[in-house]
Amino acid sequence: MIEVKHVDKSFDGNHVLKNVSAVFEDGKTNMIIGASGSGKTVLMKSIIGLHRIDNGQIEYDGRNLPDMRMKEIRLLRREVGMLFQGSALFDSMTVLENVMYPLEMFADTTKEEMEARARYCLQHVDLKEQSYGLPPSEISGGMQKRVAIARAIALQPKYLFCDEPNSGLDPKTSLIIDRLIHDITVEFNITTIINSHDMNSVMEIGENIIFINKGEKAWQGSKDDIFHVDNQDLNDFVFASELYKKVKKANA
Amino acid sequence: MNIFQDTGKYVLLMRRVLVQPDRWRMFFRQFPKELEKLGLQSLPIVIIISVFIGAIMTIQTKLNTENPLLPTYSTGLVTRDTLLLEFSSTILCLILAGKIGSNIASEIGTMRITEQIDALEIMGVNSANFLILPKIAAFVIMMPFLVIFSMAVGLSGGYLVGVFSDIITTADYLLGIQYAFIPYYVFYSLVKSLVFAFLISSVAAFYGYYAVGGALDVGKASTNAVVNSSILILFFNLLITNLMLN
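Now for a description of the structure that goes with this document. Owing to the predicted nature of the structure, the values given are computational and were not obtained by experimental measurement.

Grouped together as the largest cluster of nonpolar side chains are 61 residues, with contacts concentrated most on Tyr101 of chain A together with Ile132 of chain B. Among the elements of the structure, helix H3 (95–106) of chain A together with helix H1 (2–17), helix H2 (24–39), helix H4 (74–113), helix H5 (116–123), helix H6 (127–164), helix H8 (183–209) and helix H9 (215–245) of chain B are those that each provide at least two residues to this core. Residues contacting Ile132 of chain B, with those up to four places away along its chain left out, are Leu13, Val17, Ile108, Ser127, Ala205 and Tyr209 of chain B. Ranked by size, the runner-up nonpolar core spans 49 residues in total, among them Ile153, Ile205, Val229 and Phe237 of chain A.

The following block contains the structure:
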(Lines give C-alpha, C1' and ligand atoms only; values in the text may rest on other atoms or scores of the structure.)
Protein backbone atom coordinates (compact mmCIF):
# COMPACT_ATOMS: atom_id res chain seq x y z
CA MET A 1 0.00 0.00 0.00
CA ILE A 2 1.18 3.52 -0.78
CA GLU A 3 -0.06 6.44 1.30
CA VAL A 4 0.33 10.04 0.20
CA LYS A 5 -0.16 12.55 3.03
CA HIS A 6 -0.50 16.32 2.64
CA VAL A 7 1.86 16.56 -0.32
CA ASP A 8 2.80 19.97 -1.70
CA LYS A 9 4.97 20.61 -4.71
CA SER A 10 5.88 23.88 -6.43
CA PHE A 11 7.99 24.75 -9.45
CA ASP A 12 9.43 28.28 -9.43
CA GLY A 13 6.56 29.60 -7.32
CA ASN A 14 3.91 27.70 -9.30
CA HIS A 15 2.01 25.62 -6.74
CA VAL A 16 1.32 22.42 -8.70
CA LEU A 17 0.24 20.03 -5.92
CA LYS A 18 -1.74 21.42 -3.00
CA ASN A 19 -2.10 19.34 0.14
CA VAL A 20 -2.83 16.11 -1.73
CA SER A 21 -3.60 13.03 0.38
CA ALA A 22 -4.58 9.64 -1.02
CA VAL A 23 -4.33 5.93 -0.34
CA PHE A 24 -3.36 3.47 -3.09
CA GLU A 25 -4.36 -0.04 -2.12
CA ASP A 26 -2.77 -3.47 -2.72
CA GLY A 27 -4.23 -5.74 -5.38
CA LYS A 28 -6.23 -2.91 -6.90
CA THR A 29 -5.86 -0.79 -10.01
CA ASN A 30 -5.57 2.69 -8.56
CA MET A 31 -6.05 5.41 -11.15
CA ILE A 32 -5.03 9.04 -11.10
CA ILE A 33 -7.18 10.98 -13.52
CA GLY A 34 -7.41 14.65 -14.41
CA ALA A 35 -7.19 17.10 -17.26
CA SER A 36 -3.88 17.99 -18.88
CA GLY A 37 -1.94 20.30 -16.58
CA SER A 38 -3.94 19.30 -13.51
CA GLY A 39 -0.87 17.90 -11.76
CA LYS A 40 -1.42 14.16 -12.11
CA THR A 41 1.93 13.49 -13.77
CA VAL A 42 3.71 15.57 -11.11
CA LEU A 43 1.89 13.54 -8.44
CA MET A 44 2.98 10.27 -9.99
CA LYS A 45 6.58 11.42 -10.46
CA SER A 46 6.61 12.65 -6.86
CA ILE A 47 5.38 9.27 -5.64
CA ILE A 48 8.14 7.50 -7.59
CA GLY A 49 10.70 9.99 -6.29
CA LEU A 50 11.60 11.62 -9.60
CA HIS A 51 10.43 14.93 -8.05
CA ARG A 52 11.37 15.95 -4.53
CA ILE A 53 8.25 17.17 -2.73
CA ASP A 54 8.14 20.41 -0.69
CA ASN A 55 5.97 19.07 2.16
CA GLY A 56 4.19 15.92 3.19
CA GLN A 57 4.83 12.19 3.29
CA ILE A 58 4.87 9.40 0.72
CA GLU A 59 4.81 6.05 2.53
CA TYR A 60 5.55 2.74 0.84
CA ASP A 61 4.14 0.29 3.40
CA GLY A 62 5.21 2.63 6.18
CA ARG A 63 8.59 3.63 4.64
CA ASN A 64 8.61 7.36 4.08
CA LEU A 65 10.23 8.18 0.72
CA PRO A 66 11.27 11.81 1.46
CA ASP A 67 13.26 10.59 4.49
CA MET A 68 15.28 8.11 2.45
CA ARG A 69 18.85 8.52 1.19
CA MET A 70 19.67 7.87 -2.46
CA LYS A 71 20.95 4.38 -1.67
CA GLU A 72 17.71 3.49 0.13
CA ILE A 73 15.67 4.94 -2.73
CA ARG A 74 17.61 2.72 -5.15
CA LEU A 75 16.83 -0.32 -3.02
CA LEU A 76 13.16 0.64 -2.85
CA ARG A 77 13.04 1.07 -6.61
CA ARG A 78 13.97 -2.55 -7.02
CA GLU A 79 10.48 -3.25 -5.67
CA VAL A 80 8.98 -0.96 -8.30
CA GLY A 81 8.00 -1.68 -11.89
CA MET A 82 7.12 1.05 -14.32
CA LEU A 83 5.35 1.13 -17.64
CA PHE A 84 6.24 4.29 -19.52
CA GLN A 85 4.05 6.15 -21.98
CA GLY A 86 6.44 5.39 -24.83
CA SER A 87 7.38 1.93 -23.46
CA ALA A 88 11.04 3.04 -22.97
CA LEU A 89 12.47 -0.26 -24.17
CA PHE A 90 16.21 -0.39 -24.73
CA ASP A 91 16.89 -0.05 -28.47
CA SER A 92 20.18 -1.88 -28.36
CA MET A 93 18.66 -5.04 -26.88
CA THR A 94 16.26 -7.66 -28.20
CA VAL A 95 12.82 -8.21 -26.67
CA LEU A 96 14.10 -11.09 -24.53
CA GLU A 97 17.20 -9.15 -23.43
CA ASN A 98 15.00 -6.21 -22.41
CA VAL A 99 13.01 -8.43 -20.06
CA MET A 100 16.15 -10.17 -18.79
CA TYR A 101 17.88 -6.86 -18.07
CA PRO A 102 16.47 -6.17 -14.56
CA LEU A 103 17.10 -9.81 -13.66
CA GLU A 104 20.71 -9.60 -14.80
CA MET A 105 21.20 -6.43 -12.79
CA PHE A 106 19.63 -7.56 -9.54
CA ALA A 107 18.72 -11.25 -9.43
CA ASP A 108 21.23 -13.73 -8.02
CA THR A 109 20.30 -16.64 -10.24
CA THR A 110 21.87 -18.47 -13.15
CA LYS A 111 21.52 -17.23 -16.70
CA GLU A 112 19.24 -20.17 -17.53
CA GLU A 113 16.93 -19.30 -14.65
CA MET A 114 16.87 -15.65 -15.73
CA GLU A 115 15.99 -16.61 -19.27
CA ALA A 116 13.29 -18.96 -18.03
CA ARG A 117 11.80 -16.18 -15.89
CA ALA A 118 11.94 -13.70 -18.79
CA ARG A 119 10.23 -16.21 -21.08
CA TYR A 120 7.57 -16.84 -18.41
CA CYS A 121 6.87 -13.08 -18.17
CA LEU A 122 6.68 -12.71 -21.93
CA GLN A 123 4.31 -15.67 -22.19
CA HIS A 124 2.26 -14.17 -19.36
CA VAL A 125 1.68 -11.01 -21.42
CA ASP A 126 0.77 -13.21 -24.37
CA LEU A 127 3.72 -12.38 -26.58
CA LYS A 128 4.61 -14.88 -29.27
CA GLU A 129 8.03 -16.57 -29.21
CA GLN A 130 8.91 -15.41 -32.74
CA SER A 131 9.30 -11.84 -31.50
CA TYR A 132 11.70 -12.64 -28.62
CA GLY A 133 14.81 -12.18 -30.76
CA LEU A 134 13.66 -8.97 -32.45
CA PRO A 135 14.69 -5.44 -31.48
CA PRO A 136 11.83 -3.29 -30.10
CA SER A 137 11.76 -1.13 -33.24
CA GLU A 138 10.58 -4.13 -35.26
CA ILE A 139 7.46 -4.88 -33.22
CA SER A 140 4.14 -3.02 -33.02
CA GLY A 141 3.21 -0.44 -30.37
CA GLY A 142 0.88 -2.88 -28.62
CA MET A 143 3.60 -5.53 -28.52
CA GLN A 144 6.06 -2.98 -27.16
CA LYS A 145 3.64 -2.26 -24.30
CA ARG A 146 3.43 -5.98 -23.57
CA VAL A 147 7.22 -6.25 -23.49
CA ALA A 148 7.35 -3.22 -21.19
CA ILE A 149 4.83 -4.87 -18.85
CA ALA A 150 6.82 -8.11 -18.94
CA ARG A 151 9.98 -6.17 -18.04
CA ALA A 152 8.15 -4.31 -15.28
CA ILE A 153 6.98 -7.54 -13.63
CA ALA A 154 10.19 -9.52 -14.17
CA LEU A 155 11.48 -8.81 -10.67
CA GLN A 156 8.05 -9.45 -9.10
CA PRO A 157 7.50 -5.84 -8.01
CA LYS A 158 5.32 -4.84 -5.08
CA TYR A 159 4.42 -1.57 -6.79
CA LEU A 160 3.60 -0.99 -10.44
CA PHE A 161 3.33 2.46 -12.02
CA CYS A 162 1.80 2.99 -15.45
CA ASP A 163 2.03 6.35 -17.18
CA GLU A 164 -0.65 6.67 -19.87
CA PRO A 165 -0.44 2.97 -20.75
CA ASN A 166 -2.86 3.28 -23.68
CA SER A 167 -1.25 6.26 -25.32
CA GLY A 168 -0.98 5.69 -29.08
CA LEU A 169 -2.88 2.39 -29.07
CA ASP A 170 -6.12 1.51 -30.87
CA PRO A 171 -9.22 0.90 -28.68
CA LYS A 172 -9.04 -2.89 -28.96
CA THR A 173 -5.36 -3.10 -28.05
CA SER A 174 -5.95 -0.57 -25.26
CA LEU A 175 -8.58 -2.84 -23.78
CA ILE A 176 -6.23 -5.82 -23.91
CA ILE A 177 -3.45 -3.84 -22.20
CA ASP A 178 -5.91 -2.57 -19.53
CA ARG A 179 -7.09 -6.08 -18.75
CA LEU A 180 -3.55 -7.35 -18.69
CA ILE A 181 -2.54 -4.72 -16.13
CA HIS A 182 -5.62 -5.50 -14.04
CA ASP A 183 -5.07 -9.26 -14.14
CA ILE A 184 -1.41 -8.91 -13.18
CA THR A 185 -2.34 -6.57 -10.33
CA VAL A 186 -4.81 -9.04 -8.89
CA GLU A 187 -2.71 -12.15 -9.53
CA PHE A 188 0.47 -10.82 -7.90
CA ASN A 189 -1.30 -8.54 -5.38
CA ILE A 190 0.59 -5.49 -6.63
CA THR A 191 -0.14 -1.88 -5.69
CA THR A 192 -0.76 -0.51 -9.16
CA ILE A 193 -1.05 3.21 -9.91
CA ILE A 194 -2.16 4.22 -13.39
CA ASN A 195 -1.94 7.75 -14.65
CA SER A 196 -4.56 8.19 -17.36
CA HIS A 197 -7.09 10.42 -19.00
CA ASP A 198 -8.54 7.61 -21.09
CA MET A 199 -12.14 7.23 -19.92
CA ASN A 200 -12.41 3.76 -21.46
CA SER A 201 -9.64 2.60 -19.14
CA VAL A 202 -11.26 4.30 -16.16
CA MET A 203 -14.56 2.55 -16.83
CA GLU A 204 -12.84 -0.77 -17.52
CA ILE A 205 -10.43 -1.18 -14.63
CA GLY A 206 -10.79 1.84 -12.31
CA GLU A 207 -11.23 0.27 -8.89
CA ASN A 208 -9.86 3.20 -6.90
CA ILE A 209 -9.98 6.49 -8.79
CA ILE A 210 -8.39 9.75 -7.64
CA PHE A 211 -9.46 12.84 -9.52
CA ILE A 212 -6.92 15.68 -9.49
CA ASN A 213 -8.18 19.14 -10.38
CA LYS A 214 -5.96 22.24 -10.34
CA GLY A 215 -3.42 20.49 -8.14
CA GLU A 216 -5.90 19.32 -5.52
CA LYS A 217 -7.56 15.99 -4.90
CA ALA A 218 -11.12 16.78 -5.91
CA TRP A 219 -12.66 13.32 -5.59
CA GLN A 220 -11.89 9.67 -4.78
CA GLY A 221 -14.06 6.63 -5.48
CA SER A 222 -14.62 3.68 -7.80
CA LYS A 223 -15.83 3.40 -11.41
CA ASP A 224 -19.29 2.52 -10.10
CA ASP A 225 -19.46 5.62 -7.88
CA ILE A 226 -18.46 7.93 -10.72
CA PHE A 227 -21.96 7.93 -12.22
CA HIS A 228 -23.54 9.30 -9.06
CA VAL A 229 -21.16 12.11 -8.16
CA ASP A 230 -22.27 15.67 -7.72
CA ASN A 231 -18.92 17.21 -8.64
CA GLN A 232 -19.15 19.56 -11.60
CA ASP A 233 -15.44 19.46 -12.46
CA LEU A 234 -15.40 15.67 -12.40
CA ASN A 235 -18.57 15.41 -14.47
CA ASP A 236 -17.22 17.92 -16.99
CA PHE A 237 -14.04 15.87 -17.28
CA VAL A 238 -15.45 12.33 -17.31
CA PHE A 239 -18.61 12.93 -19.30
CA ALA A 240 -17.16 15.36 -21.81
CA SER A 241 -17.88 13.24 -24.89
CA GLU A 242 -21.34 12.65 -26.35
CA LEU A 243 -20.86 8.93 -25.87
CA TYR A 244 -20.27 9.21 -22.14
CA LYS A 245 -23.11 11.70 -21.75
CA LYS A 246 -25.39 9.03 -23.22
CA VAL A 247 -23.84 6.37 -21.01
CA LYS A 248 -24.51 8.51 -17.94
CA LYS A 249 -28.05 9.17 -19.02
CA ALA A 250 -28.67 5.48 -19.59
CA ASN A 251 -27.13 4.67 -16.22
CA ALA A 252 -29.33 7.20 -14.47
CA MET B 1 27.08 31.81 -14.18
CA ASN B 2 26.03 29.06 -16.54
CA ILE B 3 29.59 27.85 -16.91
CA PHE B 4 29.85 27.36 -13.12
CA GLN B 5 26.52 25.54 -12.97
CA ASP B 6 27.51 23.28 -15.86
CA THR B 7 30.92 22.58 -14.31
CA GLY B 8 29.23 21.67 -11.03
CA LYS B 9 26.75 19.41 -12.79
CA TYR B 10 29.60 17.80 -14.74
CA VAL B 11 31.58 17.10 -11.56
CA LEU B 12 28.51 15.64 -9.85
CA LEU B 13 27.80 13.46 -12.89
CA MET B 14 31.40 12.19 -12.91
CA ARG B 15 31.04 11.32 -9.21
CA ARG B 16 28.18 9.03 -10.19
CA VAL B 17 30.02 7.67 -13.24
CA LEU B 18 33.40 6.92 -11.70
CA VAL B 19 32.28 4.37 -9.14
CA GLN B 20 32.27 0.59 -9.10
CA PRO B 21 29.57 -0.77 -11.46
CA ASP B 22 26.47 -2.39 -9.91
CA ARG B 23 27.32 -5.55 -11.86
CA TRP B 24 30.78 -6.10 -13.36
CA ARG B 25 29.24 -8.73 -15.61
CA MET B 26 27.08 -6.08 -17.28
CA PHE B 27 30.05 -3.73 -17.54
CA PHE B 28 32.18 -6.33 -19.27
CA ARG B 29 29.35 -7.14 -21.64
CA GLN B 30 29.12 -3.51 -22.73
CA PHE B 31 32.85 -2.75 -22.68
CA PRO B 32 33.94 -4.80 -25.77
CA LYS B 33 31.04 -3.34 -27.76
CA GLU B 34 32.29 0.15 -26.95
CA LEU B 35 35.89 -0.80 -27.78
CA GLU B 36 34.68 -1.86 -31.18
CA LYS B 37 32.31 1.06 -31.74
CA LEU B 38 34.50 3.89 -30.44
CA GLY B 39 37.93 2.46 -31.22
CA LEU B 40 37.99 0.00 -34.09
CA GLN B 41 35.31 1.79 -36.08
CA SER B 42 37.41 4.97 -35.88
CA LEU B 43 40.37 3.29 -37.59
CA PRO B 44 39.30 4.00 -41.20
CA ILE B 45 39.00 7.75 -40.60
CA VAL B 46 42.28 7.77 -38.65
CA ILE B 47 44.04 6.01 -41.54
CA ILE B 48 42.59 8.25 -44.26
CA ILE B 49 43.29 11.50 -42.43
CA SER B 50 46.75 10.51 -41.22
CA VAL B 51 48.06 9.27 -44.55
CA PHE B 52 46.89 12.39 -46.38
CA ILE B 53 48.08 14.81 -43.72
CA GLY B 54 51.46 13.01 -43.58
CA ALA B 55 51.84 13.33 -47.34
CA ILE B 56 50.66 16.95 -47.50
CA MET B 57 52.87 17.94 -44.60
CA THR B 58 55.90 16.45 -46.35
CA ILE B 59 55.18 18.30 -49.60
CA GLN B 60 54.53 21.63 -47.89
CA THR B 61 57.54 21.34 -45.62
CA LYS B 62 59.77 20.55 -48.57
CA LEU B 63 58.40 23.43 -50.66
CA ASN B 64 58.76 25.91 -47.80
CA THR B 65 62.27 24.95 -46.85
CA GLU B 66 63.98 25.08 -50.24
CA ASN B 67 67.31 26.36 -48.94
CA PRO B 68 70.73 24.94 -49.73
CA LEU B 69 71.85 25.72 -46.18
CA LEU B 70 69.26 23.34 -44.72
CA PRO B 71 70.19 19.66 -44.66
CA THR B 72 68.18 17.43 -47.02
CA TYR B 73 66.84 15.34 -44.18
CA SER B 74 65.11 18.34 -42.55
CA THR B 75 61.79 17.69 -44.34
CA GLY B 76 61.49 14.21 -42.79
CA LEU B 77 62.51 15.54 -39.40
CA VAL B 78 59.95 18.36 -39.42
CA THR B 79 57.21 16.07 -40.67
CA ARG B 80 57.99 13.51 -37.95
CA ASP B 81 58.09 15.99 -35.11
CA THR B 82 54.90 17.73 -36.24
CA LEU B 83 53.10 14.43 -36.43
CA LEU B 84 54.42 13.24 -33.09
CA LEU B 85 53.96 16.46 -31.18
CA GLU B 86 50.73 17.84 -32.51
CA PHE B 87 48.89 16.14 -35.32
CA SER B 88 48.53 12.56 -34.08
CA SER B 89 47.39 13.65 -30.64
CA THR B 90 45.72 17.07 -30.71
CA ILE B 91 44.47 17.42 -34.29
CA LEU B 92 43.39 13.79 -34.43
CA CYS B 93 41.50 14.23 -31.15
CA LEU B 94 39.78 17.35 -32.48
CA ILE B 95 38.62 15.31 -35.46
CA LEU B 96 37.53 12.43 -33.24
CA ALA B 97 35.70 14.88 -30.96
CA GLY B 98 33.39 15.39 -33.92
CA LYS B 99 32.91 11.72 -34.68
CA ILE B 100 32.92 10.17 -31.22
CA GLY B 101 31.52 13.17 -29.34
CA SER B 102 28.45 13.48 -31.52
CA ASN B 103 27.97 9.71 -31.46
CA ILE B 104 28.01 9.52 -27.65
CA ALA B 105 25.92 12.66 -27.09
CA SER B 106 23.23 11.66 -29.57
CA GLU B 107 23.04 8.07 -28.32
CA ILE B 108 22.69 9.03 -24.66
CA GLY B 109 20.51 12.06 -25.51
CA THR B 110 18.09 9.86 -27.44
CA MET B 111 17.94 7.47 -24.50
CA ARG B 112 17.12 10.44 -22.27
CA ILE B 113 14.27 11.82 -24.36
CA THR B 114 12.75 8.38 -24.97
CA GLU B 115 12.67 7.79 -21.18
CA GLN B 116 15.12 4.88 -21.35
CA ILE B 117 17.32 6.57 -18.75
CA ASP B 118 14.27 7.14 -16.53
CA ALA B 119 13.48 3.44 -16.92
CA LEU B 120 16.99 2.56 -15.67
CA GLU B 121 16.64 4.94 -12.72
CA ILE B 122 13.24 3.53 -11.77
CA MET B 123 14.77 0.05 -11.78
CA GLY B 124 17.30 1.29 -9.23
CA VAL B 125 20.23 1.20 -11.67
CA ASN B 126 22.95 3.87 -11.51
CA SER B 127 22.21 4.92 -15.10
CA ALA B 128 25.15 7.33 -15.35
CA ASN B 129 27.59 4.61 -14.37
CA PHE B 130 25.96 1.92 -16.51
CA LEU B 131 25.82 4.04 -19.66
CA ILE B 132 28.86 6.28 -19.45
CA LEU B 133 31.64 4.36 -17.69
CA PRO B 134 32.09 1.69 -20.43
CA LYS B 135 32.31 4.45 -23.05
CA ILE B 136 34.94 6.45 -21.16
CA ALA B 137 36.96 3.36 -20.28
CA ALA B 138 36.85 2.00 -23.82
CA PHE B 139 37.78 5.27 -25.47
CA VAL B 140 40.59 6.06 -23.04
CA ILE B 141 42.06 2.60 -23.60
CA MET B 142 41.73 2.74 -27.40
CA MET B 143 43.04 6.27 -27.88
CA PRO B 144 46.80 5.58 -27.39
CA PHE B 145 46.57 2.81 -29.99
CA LEU B 146 44.84 5.18 -32.41
CA VAL B 147 47.53 7.79 -31.81
CA ILE B 148 50.39 5.33 -32.38
CA PHE B 149 48.61 4.08 -35.45
CA SER B 150 48.14 7.62 -36.72
CA MET B 151 51.86 8.38 -36.23
CA ALA B 152 52.87 5.29 -38.19
CA VAL B 153 50.38 5.87 -41.00
CA GLY B 154 51.18 9.60 -41.15
CA LEU B 155 54.90 8.87 -41.54
CA SER B 156 54.04 6.33 -44.24
CA GLY B 157 52.07 9.03 -46.06
CA GLY B 158 55.22 11.14 -46.20
CA TYR B 159 57.19 8.18 -47.46
CA LEU B 160 54.67 7.67 -50.27
CA VAL B 161 55.44 11.19 -51.49
CA GLY B 162 59.04 10.08 -51.93
CA VAL B 163 57.96 6.94 -53.74
CA PHE B 164 55.44 8.50 -56.13
CA SER B 165 57.02 11.89 -56.81
CA ASP B 166 60.43 13.52 -57.14
CA ILE B 167 59.75 16.14 -54.47
CA ILE B 168 61.92 14.28 -51.98
CA THR B 169 63.96 11.11 -52.14
CA THR B 170 62.93 8.23 -49.91
CA ALA B 171 66.48 8.02 -48.58
CA ASP B 172 66.40 11.66 -47.39
CA TYR B 173 62.96 11.20 -45.91
CA LEU B 174 63.90 8.01 -44.05
CA LEU B 175 67.04 9.65 -42.72
CA GLY B 176 65.01 12.65 -41.57
CA ILE B 177 62.38 10.69 -39.67
CA GLN B 178 65.13 8.81 -37.80
CA TYR B 179 67.38 11.78 -37.13
CA ALA B 180 67.59 13.14 -33.57
CA PHE B 181 64.55 11.16 -32.51
CA ILE B 182 63.33 12.01 -29.00
CA PRO B 183 61.22 9.15 -27.55
CA TYR B 184 59.83 11.51 -24.90
CA TYR B 185 57.74 13.18 -27.64
CA VAL B 186 55.81 9.94 -28.08
CA PHE B 187 55.22 9.72 -24.32
CA TYR B 188 54.08 13.37 -24.26
CA SER B 189 51.72 12.72 -27.14
CA LEU B 190 50.23 9.64 -25.46
CA VAL B 191 49.67 11.48 -22.19
CA LYS B 192 47.83 14.22 -24.08
CA SER B 193 45.71 11.69 -25.95
CA LEU B 194 44.62 10.01 -22.70
CA VAL B 195 43.45 13.34 -21.28
CA PHE B 196 41.71 14.28 -24.52
CA ALA B 197 39.99 10.90 -24.77
CA PHE B 198 38.57 11.37 -21.27
CA LEU B 199 37.44 14.90 -22.12
CA ILE B 200 35.77 13.91 -25.40
CA SER B 201 33.85 10.96 -23.97
CA SER B 202 32.88 12.51 -20.64
CA VAL B 203 31.85 15.94 -22.02
CA ALA B 204 29.79 14.31 -24.78
CA ALA B 205 28.15 11.98 -22.26
CA PHE B 206 27.38 14.98 -20.02
CA TYR B 207 25.56 16.86 -22.78
CA GLY B 208 23.68 13.74 -23.85
CA TYR B 209 22.72 12.79 -20.31
CA TYR B 210 21.19 16.18 -19.57
CA ALA B 211 19.44 16.59 -22.95
CA VAL B 212 15.88 17.83 -22.51
CA GLY B 213 13.09 18.01 -25.08
CA GLY B 214 12.98 16.35 -28.47
CA ALA B 215 15.06 15.46 -31.52
CA LEU B 216 16.13 19.08 -32.07
CA ASP B 217 17.49 19.25 -28.54
CA VAL B 218 19.48 16.06 -29.04
CA GLY B 219 21.03 17.74 -32.08
CA LYS B 220 21.85 20.80 -29.96
CA ALA B 221 23.35 18.60 -27.24
CA SER B 222 25.47 16.90 -29.86
CA THR B 223 26.72 20.22 -31.24
CA ASN B 224 27.46 21.57 -27.76
CA ALA B 225 29.37 18.40 -26.96
CA VAL B 226 31.61 18.75 -30.02
CA VAL B 227 32.20 22.51 -29.61
CA ASN B 228 32.92 22.40 -25.88
CA SER B 229 35.10 19.31 -25.96
CA SER B 230 37.12 20.91 -28.80
CA ILE B 231 37.64 24.06 -26.74
CA LEU B 232 38.67 21.98 -23.73
CA ILE B 233 41.10 19.98 -25.87
CA LEU B 234 42.81 23.19 -27.00
CA PHE B 235 42.95 24.53 -23.44
CA PHE B 236 44.37 21.31 -22.00
CA ASN B 237 46.78 21.06 -24.92
CA LEU B 238 48.28 24.37 -23.85
CA LEU B 239 48.32 23.34 -20.21
CA ILE B 240 49.95 19.94 -20.76
CA THR B 241 52.45 21.33 -23.27
CA ASN B 242 53.50 23.93 -20.73
CA LEU B 243 53.85 21.30 -18.05
CA MET B 244 55.64 18.64 -20.09
CA LEU B 245 57.69 20.50 -22.67
CA ASN B 246 58.51 23.81 -21.07
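A few words now on the layout of surface pockets. Its volume calculated, the largest pocket comes out at about 780 Å³. Surrounding the largest pocket, 28 residues form its lining, Gly49, Leu50, His51 and Arg77 of chain A together with Glu121 of chain B being those nearest its centre. For the lining of the largest pocket, the secondary-structure elements that each account for two or more residues are strand E4 (55–60) and helix H2 (70–77) of chain A together with H1, H4 and H5 of chain B. Grouping the amino acids of the lining of the largest pocket by side-chain chemistry returns 15 nonpolar, five polar and eight charged. Taken as a whole, the second largest pocket holds about 420 Å³ of empty space. Of all elements in the fold, only H3 of chain A together with H2, H4, H5 and H6 of chain B reach the threshold of two or more residues within the lining of the second largest pocket. Among the elements that take part in the lining of the second largest pocket, H2 of chain B stands out by supplying six residues, more than any other. Classifying every residue of the lining of the second largest pocket by side-chain character gives eight nonpolar, four polar and nine charged.

This paragraph deals with the pattern of salt bridges. Scanning the entire structure with this criterion turns up 18 salt bridges over all chains. One salt bridge connects Glu121 of chain B with Arg77 of chain A, and the closest N-O pair in it is separated by 3.9 Å. In this pair, Glu121 of chain B sits in helix H5 while Arg77 of chain A sits in helix H2, so the two residues belong to two different chains. Both residues of the pair, Glu121 of chain B and Arg77 of chain A, belong to the buried class. Between Asp81 of chain B and Arg80 of chain B there is a salt bridge, with the nearest N and O atoms lying 3.0 Å from each other. There is no split in this pair, since Asp81 of chain B and Arg80 of chain B are both buried.

Before going further, it helps to examine the sheet that holds E4 of chain A. Residues and elements named next belong to chain A. An order of E2-E1-E4-E5 is seen for the four strands of this open sheet, with the pairing classed as antiparallel. The open sheet has two edge strands with one neighbour each: strand E2 (14–24) and strand E5 (63–64). Bridge count for strand E1 (residues 2–11) against E4 is five bridges, and the pairing is antiparallel. The partner of Lys5 across the bridge, within E4, is Gln57. Against the sheet, helix H1 (residues 40–48) makes contact with E1, E2 and E4, and its axis sits at roughly 65 degrees relative to E2, the strand it touches most.

This paragraph deals with H9 of chain B. All names here are of chain B. Spanning 31 residues, H9 covers 44 Å between terminal C-alpha atoms, matching the ideal 45 Å at 1.5 Å per step. Of all the positions in H9, only Val218, Ala221, Ser222, Ala225, Ser229, Ser230, Ile233, Asn237, Ile240 and Met244 are classed as buried. Of the surrounding secondary structure, the elements contacted by the buried residues of H9 are H4 and H8.

Attention now goes to the interface of chain B and chain A. On the side of chain A, 25 residues touch chain B, which itself brings 20 residues to the contact. The contact between chain B and chain A buries some 2000 Å² in all, and 57% of this surface belongs to carbon and sulfur atoms. If you sort the residues of chain B by the area they bury against chain A, Arg23, Ile122 and Met123 of chain B come out on top, with a joint share of 33%. If you look at where chain B meets chain A, you find three salt bridges. If you look at where chain B meets chain A, you find eight residue pairs in polar contact (both at pLDDT 80 or more). A total of seven residues in the side of chain B that touches chain A trace back to one element, the largest contributor, which is H5 of chain B. Split by residue class, the side of chain B that touches chain A holds eight nonpolar, four polar and eight charged.

Under the counting rule described, the total for this entry stands at 15 aromatic pairs over all chains. Taking 4.9 Å as the distance between ring centres and 90 degrees as the angle between the ring planes, the aromatic pair formed by Tyr60 of chain A and Tyr159 of chain A counts as edge-to-face. Remark: Tyr159 of chain A occurs in strand E7 (residues 159–163) and Tyr60 of chain A occurs in strand E4; sequence separation between them is 99 residues. Assessed through its relative accessible area of 0%, Tyr159 of chain A is described here as buried. Ring geometry for Phe90 of chain A versus Tyr101 of chain A: centroids 5.2 Å apart, planes at 70 degrees, classification edge-to-face. Note that Phe90 of chain A is positioned in the loop between strand E6 (80–83) and H3 and Tyr101 of chain A in helix H3, a separation of eleven residues in sequence. When its relative accessible area of 0% is taken as the criterion, Tyr101 of chain A is described as buried. Taken together, the ring pairs connect Tyr10, Phe206, Tyr207, Tyr209 and Tyr210 of chain B into an aromatic cluster.

A few words on the sheet that holds E6 of chain A. Paired through backbone hydrogen bonds, the strands of a sheet run either parallel or antiparallel to each other. Residue and element names in this part refer to chain A. As summarised here, the arrangement of the six strands in space is E6-E7-E8-E3-E9-E10, forming an open sheet in which the pairing is mixed. Taken across any chain shown, the strands that pair with only one partner, and hence form the sheet edges, are E6 and strand E10 (216–221). On average, adjacent strands in this sheet sit at an angle of 20 degrees to one another, irrespective of strand direction. Sheet topology note: the strand E3 (residues 29–33)/strand E9 (residues 208–213) ladder contains four bridges and is parallel. Within E9, the position partnered with Asn30 by the bridge is Asn208. Docked against the sheet, H1 engages E3, E6, E7, strand E8 (191–195) and E9, running at close to 150 degrees with respect to E8.

What counts and how
- Residues numbered from 1 in each chain as written.
- Chains lettered and ligands numbered in written order.
- Predicted model: local features only at pLDDT ≥ 70, side-chain atom pairs only at ≥ 80, totals over all residues.
- Heavy atoms only, no water.
- Core = buried A, V, L, I, M, F, W, Y, C linked by side-chain atoms within 4.5 Å.
- Buried < 20%, exposed > 50% of the residue type's maximum accessible area, 1.4 Å probe, protein only.
- Helix = DSSP H or I, 4+ residues; strand = E, 2+ residues; numbered from the N terminus.
- Contact = heavy atoms within 4.5 Å.
- 1 Å grid on protein atoms, 1.4 Å probe; cavity = no way out; pocket = protein on both sides within 12 Å on 5 of 7 lines; lining within 4 Å.
- Points joined across faces, edges and corners; volume = space filled by probe spheres on them.
- Nonpolar A, V, L, I, M, F, W, Y, C, P; charged D, E, K, R; others polar.
- Salt bridge = Lys/Arg side-chain N within 4 Å of Asp/Glu carboxyl O.
- Pairing = 2+ DSSP bridges.
- Axes fitted to C-alpha atoms, helices over the stretch in contact; angles between N-to-C directions.
- Expected span 1.5 Å × (residues − 1).
- Buried area = accessible area lost by both parts, 1.4 Å probe.
- Polar contact = N/O pair within 3.5 Å; in protein donor to acceptor, adjacent residues only side chain to side chain.
- Phe/Tyr/Trp six-rings, centres within 6.5 Å; stacked < 30°, edge-to-face > 60°.

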